[in-house]
Amino acid sequence: MVLSSDDINRAVRRIAHEILEGNKGPDDLLLLGIPTRGAHLARRLGEALQQVEGTEVPVGSLDVTMYRDDLRRQPTRAVEHTHIPGDGVDGKVVVLVDDVLYSGRTVRSALDALADLGRPRAVRLAVLVDRGHRELPIRADYVGKNLPTSHSERVMVRLAEHDGEGTEGVRIAGPADAGERAR
Amino acid sequence: MKHLLSIADLSREEILSVLDTAVSMHEVQHRDVKKLPTLRGRTIINFFFEDSTRTRSSFEIAGKWLSADTINLTGKGTSVSKGESLRDTVLTIGAMGVDMMVVRHPASGAPAQIADWVGCSVVNAGDGTHEHPSQALLDAYTLRRALGDLEGRHVAIVGDLTHSRVLRSNLLCLQRLGARVTLVAPPTLMPSGIAAWSGADGFATSYDLDEVLPTVDAVMMLRVQRERMSGGYFPTAKEYAVTYGLTPRRLGLLQDHAVICHPGPMNRGLEISADAADAARSLVLDQVSAGVAVRMSILYHLLAGEGSQE
């Protein structure tokens, strides 16, 4: 176990403070989580921002499946929901939220998806875990934990909302226990 | 999934996957930029040997919104009218390196035959009196949006069942989704041997529309296909409209939540009255709107994943 449930919540709260500091307040912020676990994290981050600042920050989800560059390499993926709250992304400071930053290809897809929805004033990236091994010139603005890993290892993020109570945490699994779906 | 030739080839899970993905596709329809890059570089030929407005245009729009290159061909104006055989025509098109053919043909089974000949994906966009699977999927999508889960729901399919390809696809699709289906038609338009249809069991038939209407959650009116009728299936159009049409009086027999579908094109005043077609509970335009989203989902399932092209 690399991060416990408490560690995850502490990281989310710290990132909330960092976002408010970087943005000089909550104005124009729009949190978009990348399904499925990124969307849950975005919701938690939204709650943390509200606790800190007292104003509600809009939270949505952005599915990037249709924009992936590896669709042809995998069985047909299920398409998740995109939900953009309020009046769109134009002029907003969009914070993309995902659980694990790895190759950077998911974020690349998300940037393309965002461009089709409008023109944000700025786009930031918040991730719970940065495990390195980028394949594109992409970096995160807000990181819960930097986790040096090897390619053969798996980083497994489990969240109570999605995976059930008592399972929450971040673990690194070696190649031997790669049976479980992981990323 | 490589081809979409018949609903009979699809499992319940595959149907639900297509319908669920269509929900996300529907969102794209309401955006300013209606374009996804998913099928960039793929080529789709819409090969229509029979007239069509909504099916052909919605397949074309679906392909374009997914960034595929789509080309429309009709029977007229191609080498078919010079006497080239169907096999030679599709092999010629296939040799150009297309990824998918969407085929409508007056002969039942033509798309399945073409799928045997060519290497690309084939979608049946209506073949003779056999099947029209994309229509059944969009009908199911529309009904699910209006009624929720179709498990245990009662759907009546009414009208010219003998000449309908929508019927077989819808019957199979609705049954896979757990709905109870009653077929209503005059004896002359009830397909002979319908009880022996493979995969379709446990449906009821009736000759009396008034008796069925008060129990249904949805009524699907099918077009009287006069272009396919050579003999006297019913004495006069007036008599058909009175005995099997969805008249203003019959609207009153429906439950409050019951909805009306028609795959179009409608013969107003024959199988459906203007009152019924334009009623608030009529889903006719919802069906057309769903057509693009569901066909995008079909293209996505057939062309996007690994192994979709050999």
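Each value, and the rule that gives it
- Residues numbered from 1 in each chain as written.
- Chains lettered and ligands numbered in written order.
- Predicted model: local features only at pLDDT ≥ 70, side-chain atom pairs only at ≥ 80, totals over all residues.
- Heavy atoms only, no water.
- Helix = DSSP H or I, 4+ residues; strand = E, 2+ residues; numbered from the N terminus.
- Rg over C-alpha atoms; globule rule 2.2 N^0.38 Å.
- Contact = heavy atoms within 4.5 Å.
- Areas by Shrake-Rupley, 256 points an atom, 1.4 Å probe, with all protein chains shown as cover.
- Lys, Arg positive; Asp, Glu negative; His and termini not counted.
- Charge placed at Lys NZ, Arg CZ, Asp CG, Glu CD.
- Buried < 20%, exposed > 50% of the residue type's maximum accessible area, 1.4 Å probe, protein only.
- Pairing = 2+ DSSP bridges.
- Axes fitted to C-alpha atoms, helices over the stretch in contact; angles between N-to-C directions.
- Domains from an automatic or database assignment.
- Salt bridge = Lys/Arg side-chain N within 4 Å of Asp/Glu carboxyl O.
- Polar contact = N/O pair within 3.5 Å; in protein donor to acceptor, adjacent residues only side chain to side chain.
- Nonpolar A, V, L, I, M, F, W, Y, C, P; charged D, E, K, R; others polar.
- Arc of directions from axis to C-beta.
- Buried area = accessible area lost by both parts, 1.4 Å probe.
- Expected span 1.5 Å × (residues − 1).
- Phe/Tyr/Trp six-rings, centres within 6.5 Å; stacked < 30°, edge-to-face > 60°.
- Lys NZ or Arg CZ within 6 Å of the ring centre and 35° of its normal.
- Core = buried A, V, L, I, M, F, W, Y, C linked by side-chain atoms within 4.5 Å.

1. Structural notes on the overall build of chain A
Then comes step 1: The secondary structure content of chain A amounts to 4 helices and 7 strands.
Then comes step 2: When the helices and strands of chain A are listed from N to C terminus, the series reads α-β-α-β-β-α-β-β-β-α-β.
Then comes step 3: Relative to the globule expectation of 16 Å for 183 residues, the C-alpha radius of gyration of chain A, 16 Å, shows essentially globular dimensions.
Then comes step 4: Overall size of chain A, expressed as C-alpha extent along the three principal axes, is 45 × 40 × 30 Å.
Then comes step 5: Within chain A, counting contacts between residues at least 6 apart in sequence, those at least 24 apart form 69% of the total.
Then comes step 6: Here chain A displays about 8,800 Å² of accessible surface, and carbon together with sulfur accounts for 45% of that area.
Then comes step 7: Each charge class in chain A can be summarised by its mean position, and for the 26 positive and 29 negative side chains these summaries are 5 Å apart.

2. A word on the pairing of strand β4 (residues 122-130) of chain A
All names here are of chain A.
Then comes step 1: By the criterion of burial, β4 is predominantly enclosed, with 7 of the 9 residues buried.
Then comes step 2: Judged from the 4 bridges that link them, β4 and strand β5 (residues 142-146) form a sheet pairing that is parallel. The partner of D130 across the bridge, within β5, is N146.

3. Observations concerning the sheet that holds strand β6 (residues 180-184) of chain B
All names here are of chain B.
Then comes step 1: Reading across from one edge, β7-β6-β5-β8-β9 is the order of the 5 strands in this open sheet, with parallel pairing throughout. Pairing within the sheet leaves two strands with one partner each, and these edge strands are β7 (204-206) and β9 (259-261). Each neighbouring strand pair of the sheet contributes to a mean axis angle of 20 degrees, computed without reference to strand direction.
Then comes step 2: Where strand β8 (residues 218-221) meets β9, 3 bridges bridge the pair, whose relative direction is parallel. Paired with A218 across the strands is V259, a residue of β9.

4. Let's talk about the domain arrangement of chain B
Residues and elements named next belong to chain B.
Then comes step 1: On domain assignment, one finds that chain B holds domain 1 (7-131 + 288-303) and domain 2 (133-286).
Then comes step 2: The gap between the C-alpha centroids of domain 1 and domain 2 is 25 Å.
Then comes step 3: Taken together, the connections running from domain 1 to domain 2 amount to 3 salt bridges.
Then comes step 4: One can count 16 residue pairs in polar contact (both at pLDDT 80 or more) joining domain 1 with domain 2.
Then comes step 5: Where the side of domain 1 that touches domain 2 is concerned, the elements lending two or more residues are α1 (12-28), α2 (54-65), β3 (100-105), β4 (121-127) and α11 (284-303).
Then comes step 6: Looking at the side of domain 1 that touches domain 2, the element that brings in the most residues is α1, giving 9 residues.
Then comes step 7: By residue class, the composition of the side of domain 1 that touches domain 2 is 14 nonpolar, 10 polar and 8 charged.

5. Quick word on helix α3 (residues 86-95) of chain B
Residues and elements named next belong to chain B.
Then comes step 1: Where α3 is concerned, the buried positions are T89, V90 and I93. For α3, the buried positions fall inside an angular range of 90 degrees around the axis, keeping them on one side.
Then comes step 2: Close packing links the buried residues of α3 with β1 (43-48), β2 (69-74), β3 and α4 (110-117).
Then comes step 3: In the stretch just after α3, G97 is the one whose phi turns positive, near 90 degrees.

6. Description of the sheet that holds β2(B)
Residue and element names in this part refer to chain B.
Then comes step 1: In spatial order, the strands read β2-β1-β3-β4; together these 4 strands make up an open sheet with parallel pairing. Taken across any chain shown, the strands that pair with only one partner, and hence form the sheet edges, are β2 and β4. Across this sheet, the average inter-strand angle for adjacent strands is 15 degrees, counted without regard to direction.
Then comes step 2: With 5 bridges connecting them, β1 and β3 associate as parallel partners. Paired with F47 across the bridge in β3 is V103.

7. A short note on the environment of D99(A)
Then comes step 1: Along the chain, D99(A) turns up in strand β3 (residues 93-101).
Then comes step 2: Sequence separation between D99(A) and I138(A) is 39 residues, and the spatial gap between their C-alpha atoms is 15 Å.

8. Observations regarding the interface of chain A and chain B
Then comes step 1: Contact with chain A, which involves 16 residues of that partner, is made by 20 residues of chain B.
Then comes step 2: Both sides together, the interface formed by chain A and chain B hides about 1,500 Å², and carbon and sulfur atoms give 52% of it.
Then comes step 3: Considering only the surface of chain A that becomes buried against chain B, M66(A), R72(A) and T76(A) emerge as the three largest contributors, covering 40% of it.
Then comes step 4: Along the contact surface separating chain A from chain B lie 5 residue pairs in polar contact (both at pLDDT 80 or more).
Then comes step 5: For the side of chain A that touches chain B, the per-class residue count stands at 6 nonpolar, 5 polar and 5 charged.

9. Overview of α2(B)
Residues and elements named next belong to chain B.
Then comes step 1: With 12 residues, α2 extends 16 Å between its outermost C-alpha atoms, agreeing within 8% with the 16 Å of an ideal straight helix rising 1.5 Å per residue.
Then comes step 2: For α2, the full list of buried residues reads T55, S58, F59, A62, G63 and W65. Down the axis of α2, the sector holding all buried residues measures 165 degrees, keeping them to one side.
Then comes step 3: In this structure, the buried side of α2 is in contact with β1, β2, β3, β4, α5 (133-147) and α11.
Then comes step 4: Downstream of α2 by one or two residues, S67 has phi in the positive range, about 70 degrees.

10. Thoughts on the pairing of β2(B)
Then comes step 1: The pairing of β1(B) with β2(B) spans 6 bridges and is parallel. Across the sheet, the residue bridging to F48(B) is T74(B), located in β2(B).

11. Some thoughts on the packing of aromatic side chains
Then comes step 1: In this structure the tally under the stated criterion is 3 aromatic pairs over all chains.
Then comes step 2: Ring plane angle 20 degrees and centroid distance 4.6 Å describe the contact between F47(B) and F49(B), whose orientation is recorded as stacked. The burial state of F47(B) is the same as that of F49(B); both residues are buried.
Then comes step 3: Put simply, the rings of F234(B), Y240(B) and Y244(B) pair up and form one aromatic cluster.
Then comes step 4: Sitting over the ring of Y102(A), R131(A) keeps its end group 3.9 Å from the ring centre.

12. Here's the deal with the nonpolar core
Then comes step 1: Core analysis: the biggest nonpolar cluster contains 111 residues, and L137(B), L143(B), I157(B), L174(B), L183(B) and V219(B) have the highest contact counts within it.
Then comes step 2: No other element matches the 10 residues that α11(B) contributes to this core.
Then comes step 3: Each of domain 1 (7-131 + 288-303) and domain 2 (133-286) of chain B gives at least three residues to this core.
Then comes step 4: Apart from residues no more than four positions distant in its own chain, L174(B) is found in contact with L143(B), L150(B), V155(B), I157(B), A179(B), V181(B) and M220(B).
Then comes step 5: Counting residues in each nonpolar core, the second largest holds 30 residues, with I15(A), L20(A), L29(A) and V170(A) among its members.

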